[in-house]
Amino acid sequence: MKKISLFILLLCAGLFATAQNNFMIYSFKGNVTLVENATENKVKVGKTMSSAATIKIPAGGVATIVCNEATMFTLNKPGSYALSKFGDSCKVNHSSFTSNYIKYVWNQMTKFNGSPGSNRKAYMNTVGAVSRSINNIWIDPRLDTVNYSGVTGPFPLSWKSYAEAKEFIFSIYPADNTTTPVFSTTVTKLKIPLTAIVSKLKPGTSYHWVSAIKGEENDERKVLNFVSKESFTALLETLKTQGAEFEAPAEQAYRIGFMLEDAHYLAEALDYYAQAAKLDPTNVLYRSTLMSFKKDYEVK
């Protein structure tokens, strides 16, 4: 009987231990400190904590904390906060879109093995279509649909060639699949910057684009939506409101970059990833993501 009672006690203790919440510093302002094992230290973005820790918020300070990979809350009043008291704050109350981002940040800052930021697509809702055509040109599925507002700097539409070729025909067609392009040019590189073709496009209009080796044909067209500046501004304002109660400028820029990439606003995402890396140059995730993004999309 004693052995059975001891087993039940240990089992309950194990279940209690697994029920404990884990936390991570997402963003903060001011001289926020953390007390763990009777030791007090300044916090930093990405710092993980158990429920046994206490976080101290000074006057004028604020901290946003991720809990259990899927939700976050903000402490914005001076005081000492035992994290064991915030079990209710760990209940998921975000949209799946926001929850995906929170899980992504948690993974990157706590346990991801490899190059930080390189597995972004695993946490995004939108993916490109699988290439179906058989020809000498391959276009990355990431570029299956591109939304472009024209408010940022250069961003290329790129492709790869399986054959030795020195010239390529790049063409843009109306979205109704007519056979007459609205713009066509010969290029010698495996990409063309959007800034080189934006004057040929009409805001608020959808197009198809294709690249082919000169003298060959390629019927696999990709989508290019030239979004009006007003529509993009409205989207940006919406994304800004989907963050935590408090986000430092670097954290906000990085989150918006992630969400813009997920929404296929690639040129705009690049701009915000670059902002995040500049605002917090010590953050390995932000810097590494910027480099990974540039590699993915052939940005020099």
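Note that the coordinates shown come from a computational prediction; the quantities given were computed from them, not determined experimentally. (Residues numbered from 1 in each chain as written. Predicted model: local features only at pLDDT ≥ 70, side-chain atom pairs only at ≥ 80, totals over all residues. Heavy atoms only, no water.)

In spatial order, the strands read β3-β2-β5-β8; together these 4 strands make up an open sheet with antiparallel pairing. Two strands close off the open sheet at either side, each with one partner strand: β3 (39-42) and β8 (79-82). Here the average twist between neighbouring strands, direction ignored, is 25°. One ladder, built from 4 bridges, connects strand β2 (residues 33-36) with β3; its direction is antiparallel. Within the sheet, the bridge partner assigned to T33 lies in β3 and is K42. (Pairing = 2+ DSSP bridges. Helix = DSSP H or I, 4+ residues; strand = E, 2+ residues; numbered from the N terminus. Axes fitted to C-alpha atoms, helices over the stretch in contact; angles between N-to-C directions.)

Summed over all chains, the structure comprises 12 salt bridges. Two residues, E237 and K240, come together in a salt bridge whose shortest N-O distance is 3.7 Å. Pair noted here: E237 and K240 are both in helix α3 (residues 229-241), with a separation of 3 residues, about one helical turn. Taking relative accessible area as the criterion, E237 reaches 42% and is therefore assigned partly exposed. Through salt bridges with shared partners, one network takes in R120, D140, R142, E261 and D296. (Salt bridge = Lys/Arg side-chain N within 4 Å of Asp/Glu carboxyl O. Buried < 20%, exposed > 50% of the residue type's maximum accessible area, 1.4 Å probe, protein only.)

Its 13 residues give helix α6 (residues 284-296) an end-to-end C-alpha distance of 18 Å, which sits within 8% of 18 Å, the value for a rise of 1.5 Å per residue. Within the sequence span of α6, burial applies to L285, Y286, S288, T289, L290, S292, F293 and D296. Two to three positions downstream of the cap, the backbone nitrogen of L285 sits 3.0 Å from a side-chain oxygen, assigning the N-cap of α6 to N283. Phi turns positive one or two residues past the end of α6, at E298, with a value near 60°. (Expected span 1.5 Å × (residues − 1). Polar contact = N/O pair within 3.5 Å; in protein donor to acceptor, adjacent residues only side chain to side chain.)

With that out of the way, let us pick up the environment of L143. Position of L143 among the secondary structure elements: in the loop between β9 (137-138) and β10 (145-148). As for L143 and Y297, which are separated by 154 residues in sequence, their C-alpha atoms are 8.5 Å apart. In contact with L143, other than residues within four places in its own chain, are S158, W209, K222, L266 and Y297. (Contact = heavy atoms within 4.5 Å.)

Following the criterion strictly, the structure yields 19 aromatic pairs and no others. Measuring from centroid to centroid gives 6.4 Å for Y104 and Y254, while their planes differ by 10°, and the two rings are stacked. You can see Y104 sitting in helix α2 (residues 96-110) and its partner Y254 sitting in helix α4 (residues 249-262), a full 150 residues away along the chain. The same class applies to Y104 as to Y254, namely buried. An angle of 55° between the planes, with centres 5.8 Å apart, marks the rings of F155 and Y297 as tilted. Residue F155 is located in the loop between β10 and β11 (156-158), and its partner Y297 is located in the segment after α6; the two are separated by 142 residues in the primary sequence. Judged by its relative accessible area of 0%, F155 falls in the buried class. Given the relative accessible area of 1%, Y297 is considered buried. Taken together, Y101, Y104, Y123, F155, Y254, F258, Y273, Y286, F293 and Y297 form an aromatic cluster joined through their ring pairs. Just above the ring of Y173 sits the side chain of R221; from NZ or CZ to the centre is 3.7 Å. (Phe/Tyr/Trp six-rings, centres within 6.5 Å; stacked < 30°, edge-to-face > 60°. Lys NZ or Arg CZ within 6 Å of the ring centre and 35° of its normal.)

With that settled, the discussion passes to the packing of α3 against α4. Across the interface, α3 lies against α4 with an axial gap of 10 Å and an inter-helix angle of 125°. Comparing their axes, α4 and α3 come out oblique. Our pair here, α3 against α4, has a crossing hand that is right-handed. Side by side, α3 and α4 meet where F232, L235, L236, L239 and K240 of the first sit next to Q252, R255, I256, M259 and L260 of the second. Taken together, the residues of the contact of α3 with α4 sort by class into 7 nonpolar, 1 polar and 2 charged. (Parallel < 35°, antiparallel > 145°, perpendicular 65-115°, else oblique. Left-handed = near helix turned anticlockwise from the far one by under 90°. Nonpolar A, V, L, I, M, F, W, Y, C, P; charged D, E, K, R; others polar.)

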